[in-house]
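# An overview of the molecular structure
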Amino acid sequence: MQPSADTFPALLETRGLTKVFGKLTACDAIDLTIGRGEIHALLGENGAGKSTLVKMLFGSLEPSAGAIMWAGQPVRIAAPSEARKLGIGMVFQHFSLFEALTAAENIALSLPERTPVSAIAEKARALSAAYGLPVDPSMLVGDLSVGERQRIEIIRCLLQEPQLIILDEPTSVLTPQEADRLFETLERLRGEGKSILYISHRLDEVKRLCDAATVLRHGKVVAHCRPREETAASLARMMVGNTVPAVTRDTLPIKPDAPALLEVRALSRPPATPFSIPLRDIALTVHGGEIVGIAGVAGNGQGELFEAVSGEALQVDAGTIRIRGKDAGRLSISGRRLLGAAFVPEERLGHGAAPAMRLSENLLLSRHRTDRRTFFGRLGVVFAGAVRKASQRVVEQMDVRKSAVDPEAAALSGGNLQKFIVGRELDRRPAVIVINQPTWGVDAGAAARIRQALVELARGGSAVLVISQDLDELFEIADFIAVMHDGRLSKPMPRGEATSEAIGLLMGGAEPGHAGHVGAAA
Amino acid sequence: MRFELVKRQQHSKLFSALSPFLALALTLVCGALIFATQGKSPVDGLYTYFVEPLLEVWSLHELAIKAAPLILIAVGLSVCFLSNNWNIGAEGQFIMGAIAGSILPVMFPTFQNGFVLPLMLIMGMLGGAAYAGIPALLKTRFGTNEILTSLMLVYVAQSFLDWLTRGPWRDPEGNNFPLTRRFHPDAVLPEVLPSSGSAHWGIVFAVVAAVLVWFMISRTVKGFEVRVLGASPRAGRFAGFSAKRMVFFAFLLSGALAGLAGISEAAGAIGYLQPVISPGYGFTAIIVAFLGRLNPLGIVAAGLVLALTYLGGEAAQISLGLSDKVARVFQGMLLFFVLGCDTLIHYRIRLVRDAVAARVS
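The rules we used
Residues numbered from 1 in each chain as written. Chains lettered and ligands numbered in written order. Predicted model: local features only at pLDDT ≥ 70, side-chain atom pairs only at ≥ 80, totals over all residues. Helix = DSSP H or I, 4+ residues; strand = E, 2+ residues; numbered from the N terminus. Rg over C-alpha atoms; globule rule 2.2 N^0.38 Å. Buried ≥ 20, exposed ≤ 12 C-beta atoms within 10 Å, placed from the backbone. Contact = placed C-beta atoms within 7 Å. pLDDT = per-residue confidence, 0-100. Axes fitted to C-alpha atoms, helices over the stretch in contact; angles between N-to-C directions. Parallel < 35°, antiparallel > 145°, perpendicular 65-115°, else oblique.

Further remarks concern the overall build of chain A. Looking only at helices and strands, one finds 18 helices and 21 strands in chain A. Computed over the C-alpha atoms, the radius of gyration of chain A is 25 Å, within 12% of the 24 Å expected from 2.2 N^0.38 for a compact globule of 522 residues. Seen along its three principal axes, the alpha-carbon backbone of chain A occupies a region of about 75 × 55 × 45 Å. Every one of the 522 residues in chain A was classed for burial, and the buried ones make up 50%. Put simply, of all contacts in chain A between residues at least 6 apart along the chain, 68% involve residues at least 24 apart.

Glancing now at the confidence of the model for chain B. Residues and elements named next belong to chain B. Taken over all residues, the pLDDT of chain B has a mean of 92, while the share at 70 or more is 97%. Residue range residues 355-361 is modelled with pLDDT below 50. Its contacts to residues more than four positions away, or to other chains, number 10 contacts. Reported confidences for the modelled complex are a pTM of 0.77 and an ipTM of 0.83.

Residue and element names in this part refer to chain A. Relative to each other, helix H11 (residues 359-367) and helix H13 (residues 384-398) sit at 90°, their axes nearing to 9 Å. It follows from the interaxial angle that H11 and H13 lie roughly perpendicular. Packed against H11, whose contacting residues are Leu 359, Ser 360, Leu 363 and Leu 364, the element H13 presents Val 387, Arg 388, Ala 390, Ser 391 and Val 394 at the interface.

Before going further, it helps to examine the environment of Val 135 of chain A. All names here are of chain A. Here Val 135 lies in the loop between helix H4 (117-130) and helix H5 (146-158). Note on Val 135: 22 C-beta atoms within 10 Å, which makes it buried. Between the C-alpha atoms of Val 135 and Ala 446, which are 311 residues apart in sequence, the distance is 49 Å. Apart from the residues lying within four places of it in its own chain, the contact partners of Val 135 are Ala 103, Ser 128, Glu 148, Arg 151 and Ile 152.

Listed below in structure tokens is the structure:
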């Protein structure tokens, strides 16, 4: 018998749950109610506040305000161990398993007492049979597939007999067949009255599996709904926002004779690690004067595409990437920069900039080859004065606010560092720029400055490729928008024809051909 | 109940600079305690150990002789460690450099002219570099851990030298002692100041190498590459630097410097090869590199300090009757305290009263 919500309080309820990081409100007065025996979806784009919310529920982060009610009682969850004691279990997106140990030994590691491994293996075997999670506890984790590893994580979670299981994008690493098996398991758990908080971007899964959904956008709850009563299109609209924002920029007439400065032809790439997405037959052309935007939910191959285009990963066939008409697929990132291309990666600290190095040194990071004559003398001796001058020029042009003359990159705020990193590339007047998440985690002022700079660069005749999860941003600056999903890229559509609905559908995994027929796809 | 290290929000620049001195002070305090437990006066002990060797000219020459290999090796290791390559096998590269450099005077003793010594030095560097190239190749090709491979190759080199000096290279006129023939005069590294003492040109090589590498690290684009790849490998790749080539650069450079130290020791301080030619210079140099904050100029100072522990160990053996292993104890304490100070500058200790093991995540 399943207790009904009328007689019992909801299993978990949050009221006005808020988390503030400095100036950023990551979660703003979140109300969430998860009933018993309910699979509850948490929907939202990256940066919408999903992970912050989950971390508060699992005790990794302390809320700034608001209350969490467990079975009607207010609780304070100060640590993951307390969450587990209450009956909250979590299966993380990226697993924490030791490959050199067996499945049972890995499970034993997470248990508080020194239970004999053989007893654990026995329990795990029983659970695995009961919930349709086939995995042999005596196998070495290193020999298991990603799906099997996830099953170990789920079994590990189930051993603690949780009432609520949080699953963070569980299908992002699974094959469709493995995902189907997972759904069966989840339905079985629901049948036993356990509740599941299911975080996903995949609208079809949510529609199929979930009883209720809470949609977050920019840290706020924008809707509570019943996914089965919604269409994929209406869910997508809730996620990405209802309105197409006002266009703040004149549509430039695209010159028909503008040269194709960046061409990607039939680019495919096998996954480099179990967690990366293969690229499948990507084709794209960016002409001079154009800004092409690539939308998509994070983890659909954008990072892999950036690596392939930038030359951090080389292609087999030189012709798959062409920069200013020259085959660049076999060129290193320096070689591609010498052809006039510039790149801005998603991660600022540790990828776009070395955190412990000074700003002037970080200027050299991407320009030590292209500006060799300006910055180095014989034997590669650095002209410190020239580097400082260039760095100062970037700081002034992009209005980078900093506390010291030449501080370490890590000392700058995210927005200011991003302005510096973008400015460092723009200072070269590149013919092609590829920029991944240009304003991710950046305050509004810096974001506006960066977008303005990209628009100006395109007006000057350069080709700009922007990869972004922020649809508003793409609608604001891009001439064409394409969507990346599962390693595939849709055909770019002119901004005038793109609607947030169509883009949202493509982001959720609809076939590109169906994008126009939203009603039918739903 | 357990201890946890919690990262400090900010680390003190002052204490970062003071760290080697703090470590030295702590080592002296513990050294005094050790002398006391051995029934010796701590004051006398420390005086014999750290002051007396500095009071006589011949002893200062000894200091230079001991410091030269330490500095040469540590300077090379600083490039390795800065670029995140953990070459622990400098001892083996030192030995292989000595062997490669000794080919001429041992196997071709009749080849005597002014070219012999420069050729020996070059061959010593090539030998050390080639031997360091093995862990580099294994790391880049097969992803093996260079700490293990470079360390294990030390024992191979030691055994190889042992076999050479007892077997094929043994001096036929040496009464069956496991020694090679004595190097002829053209093959001996001369003294810097023959009138005042025995310090050979090794110390000059060491200082020159330190200055050159310091210039490279701090003033050139190559040094920038070393530091970027060491501090942020992904940013280094974004910069277009090749981590694999850096593995070779760091290993070959440090191998060459260790090899130069080896042949300088053989041709300068010893004058022949014997089964054991190093009192652990290659390992002690790791301490030197860290005590010198991986800065080649700091390494010159640190090399002199560690050389003093060797001399002090000998002095303590002679005048206090303590085992010469005391030198190893001092060296170990020094490394322990340097690493300890550095850790506590970046982390603070927190006591956690919680019996439940943390989740493995």
